[in-house]
Amino acid sequence: LLIQAGFAQVYQRTGFRIATIGFRGYRTLLLPILTITLGATAYLADIAGLAARESRSSDYYLYALSKGLSRAAVTFRHVIPAVLRTLRERLGGYLAYVFSGLFIIERLFAIPGITQLVFEYAFEYVSAGRFVRVYQPQVVALGLILLFAVYVLCYCGLRVLLALVRLLALAV
């Protein structure tokens, strides 16, 4: 909401519309993307910073430095793999954080998505050309299955990306 208020202040003072609310094109996606990613990025940065600090105070880091290796070499060989291991362990919680906020973000910014499918269309049914308010559990189940499928795809994609970064770090 602070981002949204900041954009409103920019619009009031300059007349320049950075983003809009509602689903009307690419400019409407800026605020929801910022809202989701800023919090999630802060979470990951905090976890990575703590892991790097812990790795730098470990015995193997100090031993490698005492053997004459440069800080960059020790960082690439020891600190980055330790940070990536920690991020890989926390990946499930990170994705759960992002997807749990997705429902709220879609409703808050009026974006038609999985929330609209699950919560609005689950109670509508067309019968003889008119809408009837009937609960449809199959729509809710389909929405949750689709959400879980996206969750699994993102989780697997990020695991592959972290493995590639780790391989590149070990190759240096």
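Data block above holds the structure.
Calculation criteria
Residues numbered from 1 in each chain as written. Predicted model: local features only at pLDDT ≥ 70, side-chain atom pairs only at ≥ 80, totals over all residues. Heavy atoms only, no water. Helix = DSSP H or I, 4+ residues; strand = E, 2+ residues; numbered from the N terminus. Contact = heavy atoms within 4.5 Å. Areas by Shrake-Rupley, 256 points an atom, 1.4 Å probe, with all protein chains shown as cover. Patch = residues over 30% accessible without salt bridge, like charges linked within 9 Å, V, L, I, M, F, W, Y side chains within 5 Å. Salt bridge = Lys/Arg side-chain N within 4 Å of Asp/Glu carboxyl O. Expected span 1.5 Å × (residues − 1). Bend = angle between axes of the 7 residues up to and from the residue. Buried < 20%, exposed > 50% of the residue type's maximum accessible area, 1.4 Å probe, protein only.

Time to look at the overall build of the protein chain. Of the regular secondary structure elements, the protein chain holds seven helices and two strands. Ordered by position from the N terminus, the helices and strands of the protein chain form the series α-α-α-α-α-α-β-β-α. Within the protein chain, contacts between residues separated by at least 24 positions form 55% of all contacts whose residues are at least 6 apart in sequence. Roughly 11,400 Å² of accessible area belongs to the protein chain as shown, and the carbon and sulfur atoms make up 67% of that amount.

Together, Val160, Leu164 and Leu167 line one region of the surface with nonpolar side chains, adding up to about 290 Å² of accessible area. Mapped onto the fold, Val160 is located in helix H7 (residues 137-171).

Quick look at helix H5 (residues 91-108) now. The end-to-end C-alpha distance of H5 is 25 Å, a good match for the 26 Å that 18 residues give at a rise of 1.5 Å each. Taken as a whole, H5 carries its principal kink of about 30° at Leu102. Buried residues of H5: Leu91, Tyr94, Leu95, Val98, Phe99, Gly101, Leu102, Ile105 and Glu106, and no others. Just downstream of H5, Ala110 is the residue with a positive phi angle, here 55°.

As far as function goes, none of this settles anything; it's purely spatial.
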